[in-house]
Amino acid sequence: MTLAAAFPITDWQFWAVTLIALAAAAWLLKGVLPIPYLTKRAKAKKQTKRVSLTVEGKSPDK
Amino acid sequence: MADQPRPTLTIGQSDKPKSAAAPADPNCAWCDPAEKCAPGEVCGTDARRIALMGNPNTGKTTLFNRLSGLRHKTSNFPGTTLEARVTRVKKGIEGGRDGELIDLPGIYSLELDQLESRVCREVLAGTSAPRGEPLGEPECAVVVLDAANLARNLMLVGEVFRRRLPTVIVVNMIDVAERHGVRIDARALEAALGCGVVLTNARDGAGIDDLRLAIRAARIPTPSKPVPPDADSLRAWADEMNTHGARAARGPGTGTLSETTSDRVDRLLLHPVGGAAVFALVMAGLFYTIFAIARYPMDWLGYIFDYAKTLVHAGLGNGALANLLADGVVGGVGSVLIFLPQICLLFFIISLLEDTGYLARGSFLMDRLLRPFGLPGHAFVPLLSSHACALPGIMATRAIPDRKERLATILVAPFMTCSARLPVYVLLTSLLFKDRPLLGALAFIGCYLLGMCAAVLSALIARRTILKGKSRAMAMELPTYKRPALRTALVGTIDRARLFVMNAGTNILVICIVLWWLGAYPRAEAPAEAVSMRAQAASVGNVLEPLPDRPAGSGISTPDGPPYVGEDALNKSRALRAEAAALAAQPGYDQKRVARLRGMADYVEVFGMSSDARAATLSTWRQKAAALESTDSAAAKALRDDADQVERTLADLKPSHGPLSPAELKHSPQWAAAMNAEADRLEARHQKTHSFLGMIGRGIEPVFRPLGFDWQLTIGVLASFAAREVFVSTMNVVIAGQEKADDDAAKQHLMEQIQTAKRSDGVTPIFTPAASWSLLVFFVLAMQCLPTLAVTARESGHIKWALLQLAWMSGMAYVAAMIVFQVMS
């Protein structure tokens, strides 16, 4: 069997399902493999939270 | 002291001083008529954030549900697995800004070195909030007390008073207290505590409207006696407050709680033998109920998912995308969601048991069993939590003060049967005990017991070897028995079901997609045997019966009318066409004879067609006849007569047609359908075997062969190392191709598809009894959850404990499953 028959590269649906499967695999592996975009950046973005410090309802600088 | 100005360090948006206590509006029981809120929303309060807290088992969550209905969200506190329920509060303190009511974990004291207490402390200080909620100090603390245990509950009140927040005291479960002969005087208690006191019975909604008004009028408490700073004095303060508030209200001759119905019932339910027997009966009844009732909604769900697959194929055809959606997504996710009714029912009954107070008795009984195995009493709560999910169970071990005891608990917590194992248990016990729900329930309980036994034995080994040390005694409160609140159980069930679907569903979805792709590529050529079967099936007609000579007078009359239908008719047709072609090749051929031969070939061929093709051909003839009517009425009549004659001939044959002989059966439509179905199965099996998935499964199969797993089961086991619940969906994806070509089987629901699946030899079922038992034991004992390993590494402080957990549990599972399979086979 030829490679083209094994992987129907002329069929757009093949590419669609392959892309979907790749995205799913990346989502699965994000917790296992060090994929920076999926883990560290996203995590750091979530953890960063700016809050204002107040004493008696007023900023301590004033 | 109570009136001293309170210096506050606030992080967040609390940039305005506290508002003065707003007067209660007697005309507004709920909200302004002009601004009706949606049912279940808390409105009409002047607080932007309300913290609902109290001792465990005070009806706090029931009260929250009563206030919020189903309009709430569940969220963890950041960095913890402690859950909080949050509901929106309309008409916030600053006019129009929404606030929220937060249901905090039940605690006995704010000052304990426990995660729950720390979270409550931080929420009151404004430095913590449920995920997704802004940080900020609560404008009102609602402390819920158990009316029957007022003195002990008031200690927490004293600790909350120290925070100097506007506070409302809710004395809940007044019906239970009244049954005990205790009546609470809200006014006397209010005067003693110096803040609003409301009597409620959250289960029937009594006092809820008063509570809303009291929240609106919440003020910083000014108790008649200042709250002392130390714990011992606080106990005395609580006793005094209790006396002040309740003394005048107690009826003569009542007020003793020493001999209650709860106490009498506990004599039986906590008895070492009788209690254990009742506990076993309750658990057996619980699972029998689940098996017996849940099968109906499971059937409905199965049909729904089958219909969804049909819709996908109807809308998108049979391309790769449609197959991914139908078989990978709908089939895979559906194979797990089909178990949702059982999981919901389990959660619902557990919630009811918890609400009655019986679950605490069960915990107490189990605690007696844990002690000899070196586990601390504190370990019971994490282990109990692990029955839902090992992650919160392991997180809950933070409450265990001794490091070695905590490590031992962490190591064995995943042995407890978590909800992710339930679909696998249900699948395997259903396969083993089809139509025998009682035996299925017993096997189910056996799985739970096996997990517990493995846990305590593992703990014993650990505590005798690598984690030597003494266990500490455990003290726990047994709540009074009460009628369960259906509303609370329902809300809790919906919460848990939603979490199961969201957490498990996401993992399952992506794993199913990946597995589908691995099973679909590279595409394999159809095996020669399947091609041959299809060719044979294509040549079969509907009946095999000698036909009478065709009567003269029809459109194309011939003395050589079709003697047979089916393959013989086709052969005759081919011969007539060949004769016509040979004549036409001769110079000066007889055109009328050639046309006649071709007409006969058309006529005879119809008897060799399948019923669908014949119907289509006859329809074409009649259309052609209608078109010829105006130009050649004779030809039109001949065509119509031919069509009618074919139908009459076949109709005349039917009544005399008895059962088919073996020779006839070989050429029947049923035979053709079976040949096509078998060809489909061969092709699907060939495809799976030669796909990436098959290559992986066959490569690792030798490792699991001693356990009775074939390559398909091996794939399921490997996939479930990411998450156990994936096993069911994996099996569906892996074997779906074998069933989907069978029209009858395609109508069966998903569990039946898995049940009838065959191994590569096409004969042996994948799930033989020995293999099913082996698999069941493997799933009870194996460490198959990557998130749990990650949490173990984090909580224990070193990855070596996670690796030890993986090696110990998986090794034990492998050996035990191998023994089971070898013995049974």
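Quick caveat: nothing in here was measured; it's all calculated off a predicted structure.

Conventions we followed
- Residues numbered from 1 in each chain as written.
- Chains lettered and ligands numbered in written order.
- Predicted model: local features only at pLDDT ≥ 70, side-chain atom pairs only at ≥ 80, totals over all residues.
- Heavy atoms only, no water.
- Helix = DSSP H or I, 4+ residues; strand = E, 2+ residues; numbered from the N terminus.
- Buried < 20%, exposed > 50% of the residue type's maximum accessible area, 1.4 Å probe, protein only.
- Core = buried A, V, L, I, M, F, W, Y, C linked by side-chain atoms within 4.5 Å.
- Axes fitted to C-alpha atoms, helices over the stretch in contact; angles between N-to-C directions.
- Parallel < 35°, antiparallel > 145°, perpendicular 65-115°, else oblique.
- Left-handed = near helix turned anticlockwise from the far one by under 90°.
- Contact = heavy atoms within 4.5 Å.
- pLDDT = per-residue confidence, 0-100.

Participant: How should I be thinking about the overall build of chain A in this particular structure?
Facilitator: Looking only at helices and strands, one finds three helices and one strand in chain A. Along chain A, helices (α) and strands (β) appear in the sequence α-α-α-β when read from the amino end. Looking at chain A as a whole, 19% of its 62 residues are labelled buried.

Participant: Can you help me understand the nonpolar core in this one?
Facilitator: Generally speaking, a soluble globular protein has its nonpolar side chains buried in company with each other. Residue and element names in this part refer to chain B. Judged by nonpolar contacts, the single largest core of 85 residues is most densely connected at Phe727, Phe767, Leu775 and Phe778. Top contributing element to this core by residue count: helix H17 (residues 437-464), with 10 residues. Listed in part, the 41 residues of the second largest apolar core include Leu145, Met155, Ile169 and Trp237.

Participant: I keep staring at the packing of H17 of chain B against helix H31 (residues 769-781) of chain B and nothing clicks. Help me out?
Facilitator: Axes are the key here: two packed helices are described by the angle between their axes and the distance separating the axes. Residue and element names in this part refer to chain B. Where H17 contacts H31, the axes come no closer than 9 Å and their chain directions differ by 45 degrees. Between H17 and H31, the crossing angle belongs to the class labelled oblique. In this structure, H17 meets H31 at a crossing whose hand is right-handed. Seen from H17, the contacting residues are Ala443, Cys447, Leu450, Gly451 and Ala454; seen from H31, they are Trp773, Leu776, Val777, Val780 and Leu781.

Participant: What am I meant to see in the confidence of the model for chain A here?
Facilitator: Close inspection of predicted coordinates is inappropriate in any region flagged by low pLDDT. In this model, chain A carries a mean pLDDT of 70, and residues with pLDDT of at least 70 account for 47%. The weakest mean pLDDT in chain A belongs to helix H3 (residues 40-47) of chain A at 52; the strongest belongs to helix H2 (residues 12-29) of chain A at 89.

Participant: Would you explain the confidence of the model for chain B in this entry?
Facilitator: Residue and element names in this part refer to chain B. When pLDDT is averaged along chain B, the result is 74, and 76% of the positions lie at 70 or above. Considering only residues more than four positions removed or in separate chains, one finds that residues 91-97, a stretch of pLDDT under 50, has 15 contacts. Across residues 737-747, where pLDDT falls below 50, the model places 22 contacts with residues more than four positions away in sequence or in other chains. Two numbers describe this predicted complex: its pTM, 0.56, and its ipTM, 0.70.

Participant: Which parts of the structure should I look at to understand unusual backbone geometry?
Facilitator: Glycine aside, residues mostly have negative phi, and peptide bonds are mostly found in the trans state. Residues and elements named next belong to chain B. With an omega of -10 degrees, the peptide bond between Tyr521 and Pro522 qualifies as cis. One can find Pro522 in the loop between helix H18 (486-520) and helix H19 (528-538). One non-glycine residue, Arg164, lies in positive phi territory at about 55 degrees. With respect to the element layout, Arg164 can be found in the loop between helix H3 (150-161) and strand E7 (167-172). The backbone of Met173 sits at a positive phi, close to 60 degrees, despite the residue not being glycine. Its place among the elements puts Met173 in the loop between E7 and helix H4 (174-179). The class of Met173 is buried, set by a relative accessible area of 4%.

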